Amino acid sequence: MMKPLRHLLMLVLLLALAPLAHAGISNAPGRDLRVELVTYGPGRVYWERFGHVAIILRDTRSGEAVSFNYGVFDFDTHDFFLKFIRGHMLYSMDAEYAGPEVTSYIDAGRAVRIEKLAFTPAQASALRDFLLWNDQPQNRRYRYDYFYDNCATRVRDALNRALGGAIQAQTQQSAGARTFRSQSERMLAHDLPLMLLVDLGLGPRADRPLTQWQDSFLPVTLSDLVRHVRVPDGRGGTQPLVTSSRLVYAGDVAPPPPAPPALRWPLLAIGLAWAALLPWGAREHAGALARWLGAAAASLYALLGGLTGLIMLALWTLTSHRAAWANENLLQFDPMLLLLIWPLLRGLGTRRVARHRTRVLALVLAALSVFGLLAKLSPWFVQANLHWILFALPLNLALAWTLWRPRVTR
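Since we're looking at a predicted model, the values are computed, not measured.

1. Observations concerning the overall build of the chain
So, step 1. Along the backbone of the chain there are 15 helices and 9 strands.
So, step 2. For the chain, buried positions account for 47% of its 410 residues.
So, step 3. Put simply, 76% of the contacts in the chain that link residues at least 6 apart link residues at least 24 apart.
So, step 4. Of the roughly 21100 Å² of accessible surface on the chain, 65% is carried by carbon and sulfur atoms.

Given below as C-alpha cells:
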C-alpha cells in the first residue's frame, strides 16, 4: 500500500508543479511580473540615429522575459519608398525574448540601459494584457509619425495608460528651449549631410516649444523623463517610478552632443563665398574662364535651389509629413529658380543681355528672399531658418544683380 500511495503523491505533486514549469508572462499573476524600460543608444545607420526603446516584462518566477517594441518596419513592403516619401509608413510592434534582443544591440555597439519601474501587481497585469492585445496581428500596425507617433511615444503611452495617466499628468511643464527641430539636429549632428537635409525640410511646426511630455518622442528623453515621475507607494505617500537603473553596456557609438551645432556663421560664409563668384564672373573685362566659372556657379545654385524648393513644395502639398508643411525656406529656394538656369548659362557665359521677363523674375525672387529675412521680425513667421536665409540671401541678390547689370547688347 505504501508504494502505490507514494506514486500517487508524486503524480499529484508533478501535476501541481506543471503549470509553474510552463508559466510565463502571458499567464503569470501580477505580483510575479516585473516591468522594465530598456533604452538603446544611437546606432551607426541613419535610421538608428535617434535610438530605440522597449518595454520588458519579466516573470520573476519562471524567469521568462519578453521585450515589446514598436519600431518594426520592412524594406520589402510593397511600395515601401513611395509610402515613405508620402508619409504613409506603417510600423508595427513586436514581441521577442529579451535576452537575445538586448545582446543583438550590444553586438551592434549600441548603449543599453535598463530601468526597473514601480508597478503594482494590478498595473503590471493591465500593462501585460494591453501589450498582448496590441501584439495581435490585427492590432499591431500603426501609421508612423516621426514626432507624434513613433516607437518611443507608443511605449510612453502604454506605460502611461497602465499607470492611470500619471506620466502625462506630471510632464506638462515646458521642456525649455527644446523643439522637434533642435532635438532632431542634435541627434543627427554626427551625420552632417543628413542633418542639413532634415533641417532644410522641416517647417514651422518643428519649432513649437515642447512640453516634457512631447519631448519624450526621443527614447533618451523618455528615459530621463520617467526618472522624475512619482507614483503612489501604497502607504499614503509617493515613490519614484524608477526604482533602479542599470547601464548594461556603455556602447561604442559616439553619443549625440547636448546641443545642436551652430549653423548661422558657417552657412553665411559659404553663401557669401559662392555669391562672390557671380559678380566676379560678370565683370566687364572678365576673361572667358572667369565668365564661365561665374555662369557655372550661378546656374548650379539656380538648379540646386530650384530643385530644393520643388521638393519642399511637394512635401507640403502632396504628402502627409505635417512637420514639412508651410516651409518658410520656400521664400529662399523658390522652384522658379529653375527658370533662370538657361538665361544664366547663356548670358553670363557670353555677355548676352537677359530678357526683361527673366530679369524681373530674378528681382522678384530676390525680393521674396529679403521678405523672408524681414519676416523674422513678425510673430507669424516662427520657423527657425535664419541660417538658411543667411546662406541664400546673398546668392539671390547676386543673381538679380548679374541679370540686371549693364551688358553688351546682341
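From this point, things continue past the structure.
2. Comments concerning the pattern of salt bridges
Between side chains of opposite charge, pairing is possible as soon as their charged atoms come close.
So, step 1. Throughout the structure, instances matching the rule amount to 17 salt bridges.
So, step 2. A salt bridge links glutamate 115 to arginine 227, with the shortest nitrogen-to-oxygen separation between them at 2.6 Å. Highlighted residues: glutamate 115 in strand E5 (residues 112-117) and arginine 227 in the loop between helix H10 (219-226) and strand E7 (230-232), separated in sequence by 112 residues.
So, step 3. When the shortest N-O distance is used, the salt bridge between glutamate 328 and lysine 376 registers 2.8 Å. Taken together, the positions of glutamate 328 in the loop between helix H12 (288-318) and helix H13 (341-350) and lysine 376 in the loop between helix H14 (356-374) and helix H15 (386-404) put the pair 48 residues apart, joining distant regions of the chain.

3. Some remarks on the packing of H14 against H15
Each packed pair of helices is defined by two parameters, the angle between the axes and the distance between the axes.
So, step 1. Viewed as axis vectors pointing N to C, H14 and H15 meet at an angle of 155°, and their least axial separation amounts to 9 Å. Compared by their axis directions, H14 and H15 come out roughly antiparallel. Helix-helix and strand crossings are classified by hand; for H14 and H15 the assignment is left-handed. Residues His356, Thr358, Arg359, Val360, Ala362, Leu363, Ala366, Ser369, Val370, Gly372 and Leu373 of H14 touch H15, and the partners they reach there are Leu386, Ile389, Ala392, Leu393, Asn396, Leu397, Leu399, Ala400, Leu403 and Trp404.

4. Here we look at the side chain of threonine 308
So, step 1. Take threonine 308: it is sitting in helix H12.
So, step 2. At a separation of 2.7 Å, a polar atom in the side chain of threonine 308 contacts the main-chain carbonyl oxygen of leucine 304.
So, step 3. Here threonine 308 is in contact with Leu200 and Phe333, once residues within four sequence places are set aside.

5. Topic: the environment of phenylalanine 371
So, step 1. Along the chain, phenylalanine 371 turns up in helix H14.
So, step 2. Note on phenylalanine 371: relative accessible area 41%, which makes it partly exposed.
So, step 3. Sequence separation of phenylalanine 371 and glutamine 332 is 39 residues, and the distance between their C-alpha atoms is 9.3 Å.
So, step 4. Residues in contact with phenylalanine 371, not counting those within four places in the same chain, are Leu331 and Phe381.

6. Let's talk about the sheet that holds strand E2 (residues 52-59)
So, step 1. Here 7 strands make up an open sheet; going across it, the order is E6-E4-E3-E2-E1-E5-E9 and the pairing antiparallel. Since the sheet does not close on itself, it has two edges, and those belong to strand E6 (141-143) and strand E9 (242-249), each with one partner. Averaged over all adjacent pairs, the angle separating strand axes in this sheet is 25°, with direction ignored.
So, step 2. By the bridge criterion, 5 bridges tie strand E3 (residues 65-72) to strand E4 (residues 90-97) in an arrangement that is antiparallel. Across the sheet, residue asparagine 69 finds its bridge partner in E4, namely aspartate 94.
So, step 3. Along the sheet, helix H3 (residues 98-107) contacts strand E1 (33-40), E2, E3, E4, E5 and E9; its crossing angle with E4, the most-contacted strand, is approximately 110°.
So, step 4. Here H10 sits on the sheet and contacts E1, E2, E5 and E9; the angle it forms with E1, its principal contact strand, is near 135°.

7. Topic: the nonpolar core
So, step 1. Phe119, Leu127, Leu131 and Leu159 are the most contacted members of the largest nonpolar core, which has 40 residues in total.
So, step 2. Listed by contribution, the elements that provide at least two residues to this core are E1, E2, E3, E4, helix H4 (121-134), helix H5 (151-162), helix H6 (166-169) and H10.
So, step 3. If near-sequence neighbours (up to four positions away) are discounted, phenylalanine 119 is found in contact with Val35, Ala124, Leu127, Leu159, Ala162, Leu163 and Leu241.

What counts, and at which threshold
Residues numbered from 1 in each chain as written. Predicted model: local features only at pLDDT ≥ 70, side-chain atom pairs only at ≥ 80, totals over all residues. Heavy atoms only, no water. Helix = DSSP H or I, 4+ residues; strand = E, 2+ residues; numbered from the N terminus. Buried < 20%, exposed > 50% of the residue type's maximum accessible area, 1.4 Å probe, protein only. Contact = heavy atoms within 4.5 Å. Areas by Shrake-Rupley, 256 points an atom, 1.4 Å probe, with all protein chains shown as cover. Salt bridge = Lys/Arg side-chain N within 4 Å of Asp/Glu carboxyl O. Axes fitted to C-alpha atoms, helices over the stretch in contact; angles between N-to-C directions. Parallel < 35°, antiparallel > 145°, perpendicular 65-115°, else oblique. Left-handed = near helix turned anticlockwise from the far one by under 90°. Polar contact = N/O pair within 3.5 Å; in protein donor to acceptor, adjacent residues only side chain to side chain. Pairing = 2+ DSSP bridges. Core = buried A, V, L, I, M, F, W, Y, C linked by side-chain atoms within 4.5 Å.

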